[in-house]
Amino acid sequence: MGKQQKNKGFKLTKRITGLFLTALLLVSLYSTAVFATSYSTGDREINLSFPNTYRKQIQACSYNGKTVYFNAEGFYSSYRLYNFSYNKVYLVRYRTMAQSGEYGKWVKKYVVFSSSLNKSLVNNKRIVKVKTPKIKNVKYYNVYTSTSSNSGFKKAKAKVKPGKSVTIKKVHGSSLIRYKNYYVKLVPVLKNGKKATPIIDGFYIYTK
């Protein structure tokens, strides 16, 4: 976890470093790629790993796919895409070449990189308010909470509009307590109905 700063009995965690999402995606019948996003050392990265050396094409595009920021074709087993901007929706897609010599269908994934969420205590009590980021092409967020950064998330609030705040009084049915780490996961639902990669951030309470 990154450095923490005090704010009226509240520690605000900065971006969780390292991998926060790993999802398996299918590519035709010839390979399965491991897709992961990372905020390591402040970089906004996407890493794609393939278990074989079939020829493949990878692209990072604008939300509507019309502008291509990155394009690569080759036989490498892994690709690293980096220098993405905060608070912007990207379309990342890839496809592999079949034995016929033709590319299969695109496998698509929408990616969002967000700066650290705005979190604050309510009236200096153990109640936390989290403000959702305003990001173009995000229709709303589904909000989840957990005591672990990578598992155990349960829905806390549905269909929260960008820029609106969510008040968290309990996690997993229990009131917030001192000296415990909590995590918030925002799942962006886009205007096209697709979901983007989650935004995960944490907080720690030490006030009475």
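A short tour of the structure in this document, coming up.

Cut-offs used in this document
Residues numbered from 1 in each chain as written. Predicted model: local features only at pLDDT ≥ 70, side-chain atom pairs only at ≥ 80, totals over all residues. Heavy atoms only, no water. Salt bridge = Lys/Arg side-chain N within 4 Å of Asp/Glu carboxyl O. Helix = DSSP H or I, 4+ residues; strand = E, 2+ residues; numbered from the N terminus. Buried < 20%, exposed > 50% of the residue type's maximum accessible area, 1.4 Å probe, protein only. Pairing = 2+ DSSP bridges. Axes fitted to C-alpha atoms, helices over the stretch in contact; angles between N-to-C directions. Core = buried A, V, L, I, M, F, W, Y, C linked by side-chain atoms within 4.5 Å. Contact = heavy atoms within 4.5 Å. Phe/Tyr/Trp six-rings, centres within 6.5 Å; stacked < 30°, edge-to-face > 60°. Lys NZ or Arg CZ within 6 Å of the ring centre and 35° of its normal.

1. Considerations on the pattern of salt bridges
Working definition: two side chains of opposite charge can pair if their charged atoms are close together.
So, step 1. The final tally for this structure, using the stated rule, is three salt bridges.
So, step 2. Residues Glu 45 and Arg 80 are paired through a salt bridge, measuring 3.0 Å at the closest nitrogen-oxygen approach. Of this pair, Glu 45 sits in strand β5 (residues 45-49) while Arg 80 is found in strand β8 (residues 78-81), placing the two residues 35 residues apart along the sequence.
So, step 3. With its nearest N and O atoms 3.4 Å apart, the salt bridge here joins Lys 119 to Asp 201. Of this pair, Lys 119 sits in strand β11 (residues 118-121) while Asp 201 sits in strand β19 (residues 199-205); the two residues are 82 residues apart in sequence, bridging distant segments of the chain.
So, step 4. Residue Lys 119 is classed as buried on the basis of its relative accessible area, which comes to 3%.
So, step 5. Residue Asp 201 is classed as buried on the basis of its relative accessible area of 0%.

2. Topic: the sheet that holds strand β9 (residues 88-96)
So, step 1. With respect to topology, four strands assemble into an open sheet ordered β7-β6-β9-β10, the strand pairing being antiparallel. Strands at the two margins of the open sheet, each flanked by one partner only, are β7 (68-74) and β10 (107-113). Along the sheet, successive strands turn relative to each other by an average axial angle of 15°, direction set aside.
So, step 2. Looking at chain direction, strand β6 (residues 56-61) and β9 are connected through six bridges and run antiparallel. Paired with Lys 56 across the two strands is Thr 96, which belongs to β9.

3. A few points about the nonpolar core
So, step 1. In this structure, Val 89, Ile 168, Leu 176 and Phe 203 are the most contacted members of the largest nonpolar core, which totals 27 residues.
So, step 2. Contributing elements (two or more residues each) for this core: β9, β10, β12 (128-131), β13 (138-146), β15 (165-168), β18 (180-190) and β19.
So, step 3. At four residues, β18 tops the list of elements feeding residues into this core.
So, step 4. Setting aside its immediate chain neighbours within four residues, Leu 176 contacts Arg 126, Ile 127, Val 128, Ile 168, Lys 169, Lys 170, Val 171, Tyr 182, Phe 203 and Ile 205.
So, step 5. With 15 residues, the next largest nonpolar core counts Phe 50, Ile 58, Ala 60 and Val 92 among its residues.

4. Topic: the packing of aromatic side chains
So, step 1. Per the stated rule, a full pass over the model turns up eight aromatic pairs.
So, step 2. Measuring from ring centre to ring centre gives 5.6 Å for Tyr 182 and Phe 203, while their planes differ by 25°; the resulting arrangement is stacked. Of this pair, Tyr 182 sits in strand β18 while Phe 203 sits in strand β19; the two residues are 21 residues apart in sequence, bridging distant segments of the chain.
So, step 3. For Tyr 182, a relative accessible area of 3% corresponds to the buried category.
So, step 4. An aromatic cluster is built from Phe 50, Tyr 76, Tyr 79 and Tyr 94, whose rings are joined through pairwise contacts.
So, step 5. Here Arg 93 stacks its cationic end above the ring of Trp 106, 4.9 Å away from the centre of that ring.
So, step 6. Sitting over the face of the ring of Tyr 144, Lys 185 holds its NZ or CZ atom 5.3 Å from the ring centroid.

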